[in-house]
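# Working through the structure, step by step
Residue-level listing of the chains:
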Protein chains: 2
Amino acid sequence: MTTMTAARRREEAKAEFDAYMDSCPTNGLRGIIGNKWNSMVLLRLEQGTVRYADLSRALPGVSAKMLTQTLRSLERDGFVSRSVTLAVPVQVEYTLTLLGERLIPLLDAMRHWADRNMPEVDAARAHYDANNP
Amino acid sequence: MTTMTAARRREEAKAEFDAYMDSCPTNGLRGIIGNKWNSMVLLRLEQGTVRYADLSRALPGVSAKMLTQTLRSLERDGFVSRSVTLAVPVQVEYTLTLLGERLIPLLDAMRHWADRNMPEVDAARAHYDANNP
DNA sequence: CTGCATCCAATATGATACTG
DNA sequence: CAGTATCATATTGGATGCAG
């Protein structure tokens, strides 16, 4: 059947595209810095070493679960290193790795672009909303 | 009660932090370029004007719903302009606006960083996974 | 102090069918 | 061709309680 063939083709094209997205480095990067808590935590770490509770205080919106999950994934990706000091109670410190520090200029570029252009985006949104009831 | 006060303080801090995140331009930008389909559509539009069906074909993973939603939000944000040609059947074309074009260098910077550094991230992940059973 | 486990709510995304 | 509408599913996030 022709319809079967077309459906089959779409499936293959989709699988191929999914594979492309998985392997594309830019896409991977987007998944990392496009994440809300990743970027918030990275922002704090740019200032230097911090402890778990410091982050928790600096980021009042984060749940313990998300904070742990975020730190784990940043550690797994090699952006952050975790060091435990055995004491009572234990102390855990997080620091940017060299790879993590290499990310800073890119984050700066994003901040710079945002500062210069996001007001225009806000204006475009207001304009759009005003004209689309 | 002391616990009440502490809870109250946390609530206030959280509200304040949420307000900060809403107003922070960098955070707004992250919401835009950190979105999977936004960035995929932007990537196509860098090449020039495209029609709805072109995008649908170029992005085999996207559902009609997501594609429409993505294009609407990019239009609302002022990155993309939409022009309708009345014919049978109708033609709708999407193009980058000037604001949208200003985004290109930033996207290039992301691609550049990703190409140079994501392999190291992949290695870090493999290493982490190997050591954490 | 740090962080894991569980359960639940919210949101994002997808599949499918239908229309001007 | 370019959507809209609806339903189903997946992913994400938060609250809570417990433990080393």
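Our structure is the block above this text.
A brief look at the structure comes next. The written sequence of each chain sets the order in which its residues are numbered from 1. As they are written, the chains are lettered A onward and the ligands numbered 1 onward, keeping that order. Local features in a predicted model are, by the rule used here, given only for residues with pLDDT of at least 70; side-chain atom pairs are given and counted only at 80 or more, and totals for whole chains, interfaces and linings are based on all residues. Side-chain measures were taken over the full set of non-hydrogen atoms in the model, leaving aside hydrogen atoms and water.

## Some thoughts on the environment of Thr70 of chain A
Residue and element names in this part refer to chain A. In plain terms, the rule: Secondary structure elements follow DSSP: runs of H or I no shorter than four residues count as helices, runs of E no shorter than two count as strands, and numbering proceeds from the N terminus. Only heavy atoms enter the contact rule, under which two residues are in contact if any of them lie within 4.5 Å.
Within the secondary structure, Thr70 sits in helix 5 (residues 64–76). Sequence separation between Thr70 and Val41 is 29 residues; the distance between their C-alpha atoms is 8.0 Å. Discounting residues that sit within four places of it in the chain, Thr70 has contacts with Trp37, Asn38 and Val41.

## Overview of the pairing of strand 2 (residues 80–85) of chain A
Along any regular strand, the residues point their side chains to alternate faces of the sheet. Our working definition: Pairing between strands requires that DSSP locate at least two bridges from one strand to the other.
Pairing geometry for strand 2 of chain A and strand 3 (residues 91–96) of chain A, over 6 bridges, is antiparallel. Bridge pairing in strand 3 of chain A places Thr85 of chain A opposite Gln91 of chain A.

## Considerations on the interface of chain A and chain B
As a reminder of what qualifies: Two parts placed together each lose some accessible area under a 1.4 Å probe, and the buried area is that loss summed for both. Any carboxyl oxygen of Asp or Glu within 4 Å of a side-chain nitrogen of Lys or Arg constitutes a salt bridge here. Polar contacts, as used here, are pairs of N or O atoms within 3.5 Å; protein pairs need one atom able to donate a hydrogen and one able to accept it. Residues neighboring in sequence count only if both atoms are side-chain atoms. Classification convention: Asp, Glu, Lys, Arg as charged; Ala, Val, Leu, Ile, Met, Phe, Trp, Tyr, Cys, Pro as nonpolar; all other residues, Gly among them, as polar.
Between chain A and chain B, the contact holds 49 residues from the first and 49 residues from the second. In total, about 4400 Å² of surface goes out of reach between chain A and chain B, with carbon and sulfur atoms giving 69% of it. On the chain A side of the contact with chain B, Arg30, Arg76 and Trp113 of chain A bury the most area, a combined 17% of that side's loss. Linking Glu120 of chain B and Arg102 of chain A is a salt bridge whose minimum nitrogen-to-oxygen distance equals 3.2 Å. Counting across the interface, chain A meets chain B through 16 residue pairs in polar contact (both at pLDDT 80 or more). Listing elements by their share of the side of chain A that touches chain B, those giving two or more residues are helix 1 (2–23), helix 2 (25–33), helix 3 (36–45), helix 5, helix 6 (98–102) and helix 7 (104–131) of chain A. Here the element with the most residues in the side of chain A that touches chain B is helix 7 of chain A; it accounts for 15 residues. Partitioning the side of chain A that touches chain B into residue classes produces 26 nonpolar, 9 polar and 14 charged.

## Quick word on a nonpolar patch on the surface
Residues and elements named next belong to chain A. Heads up, the rule is: What goes into a patch is any residue over 30% in relative accessible area without a salt bridge, connected to like charges within 9 Å or, for nonpolar side chains (Val, Leu, Ile, Met, Phe, Trp, Tyr), within 5 Å. Using the Shrake-Rupley algorithm and a 1.4 Å probe, accessible areas are obtained, with residue cover drawn only from the displayed protein chains. When accessible area is computed with a 1.4 Å probe and restricted to protein chains, residues below 20% of their type maximum are described as buried, those above 50% as exposed, and intermediate ones as partly exposed.
A grouping of Val84, Leu86 and Val90 is seen on the molecular surface, where their side chains present a nonpolar patch of about 310 Å² in accessible area. Among the secondary structure elements, Val84 is positioned in strand 2. On the basis of relative accessibility, which here comes to 41%, the residue Val84 falls in the partly exposed class.

## Examining the protein's contact with DNA strand C
Operational definition: Near is defined per residue: the residue qualifies when any heavy atom it owns lies within 4 Å of the molecule or strand.
In the vicinity of DNA strand C there are 16 residues, among which Ala53, Thr68, Arg82 and Tyr94 of chain A together with Lys65 of chain B approach most closely. Counting only the atoms of DNA strand C that lie within 4 Å of the protein, the sugar and phosphate share comes to 74%. At 3.1 Å from a phosphate oxygen of DNA strand C is found a side-chain nitrogen or oxygen belonging to Arg51 of chain A. A distance of 3.3 Å is found between a phosphate oxygen of DNA strand C and a side-chain nitrogen or oxygen belonging to Trp37 of chain B. Counting residues per element, the ones that place at least two in the surface near DNA strand C are helix 4 (52–58), helix 5 and strand 3 of chain A together with helix 3 (36–45) and helix 5 (64–76) of chain B. At 3 residues, helix 5 of chain A tops the list of elements feeding residues into the surface near DNA strand C. Partitioned by chemical class, the residues of the surface near DNA strand C number 8 nonpolar, 1 polar and 7 charged.

## Thoughts on the relation of the copies chain A and chain B
Relating one copy of the chain to the other takes a rotation about an axis and a shift parallel to that axis. Heads up, the condition is: The fit set for superposing copies consists of C-alpha atoms from residues with pLDDT of at least 70 in both; the fit itself is least squares.
Once chain A is rotated about the relating axis by 180° and shifted along it by 0.0 Å, it coincides with chain B to within an RMSD of 0.1 Å. Both chain copies can therefore be described as sitting about a two-fold axis. Residue Gly34 of chain A of chain A places its C-alpha closer to the rotation axis than any other residue of that unit, at 1.9 Å. Interface overlap between copies: 100% of the residues of chain A at the interface are likewise at the interface in chain B, consistent with a symmetric, same-surface contact.

## Digging into the sheet that holds strand 3 of chain A
Residue and element names in this part refer to chain A. Using the following cut-off: Geometry is summarised by axes, namely lines fitted to C-alpha atoms with helices restricted to the contacting stretch, and by angles between N-to-C directions that run from 0 to 180 degrees.
One open sheet holds the 3 strands; their spatial order is 1-3-2, and the pairing between them is antiparallel. The two strands at the open ends of the sheet, each matched to only one other strand, are strand 1 (50–51) and strand 2. Running at roughly 90° to strand 3, helix 3 makes contact with strand 1, strand 2 and strand 3 of the sheet.

## So, the packing of aromatic side chains
To be explicit about the condition: Stacked, edge-to-face and tilted are the three classes for Phe, Tyr and Trp ring pairs, Trp counted by its six-membered ring, which pair at centre distances within 6.5 Å; planes under 30 degrees apart are stacked, over 60 edge-to-face, the rest tilted.
Summed over all chains, the structure comprises 6 aromatic pairs over all chains. Ring centres 6.4 Å apart and planes at 5° place the aromatic pair Phe17 of chain A and Trp37 of chain B in the stacked group. Pair noted here: Phe17 of chain A is in helix 1 and Trp37 of chain B is in helix 3, and the two residues belong to different chains. For Phe17 of chain A, a relative accessible area of 6% corresponds to the buried category. Counting every residue linked through ring pairs, the aromatic cluster contains Phe17 and Tyr20 of chain A together with Trp37 of chain B.

## Let's talk about the protein's contact with DNA strand D
Looking at DNA strand D, there are 18 residues lining it, with Lys65 and Met66 of chain A together with Ala53, Arg82 and Tyr94 of chain B nearest. A share of 68% of the atoms of DNA strand D within 4 Å of the protein falls on sugar and phosphate groups. In the model, a phosphate oxygen of DNA strand D is placed 3.1 Å from a nitrogen or oxygen of the Arg72 of chain B side chain. Contacts to DNA strand D include Tyr94 of chain B, whose side-chain N or O atom sits 2.5 Å from a phosphate oxygen. Of all elements in the fold, only helix 5 of chain A together with helix 4 (52–58), helix 5 and strand 3 (91–96) of chain B reach the threshold of two or more residues within the surface near DNA strand D. The greatest single-element share of the surface near DNA strand D, amounting to 4 residues, is contributed by helix 5 of chain B. Of the residues that constitute the surface near DNA strand D, the class distribution is 9 nonpolar, 3 polar and 6 charged.

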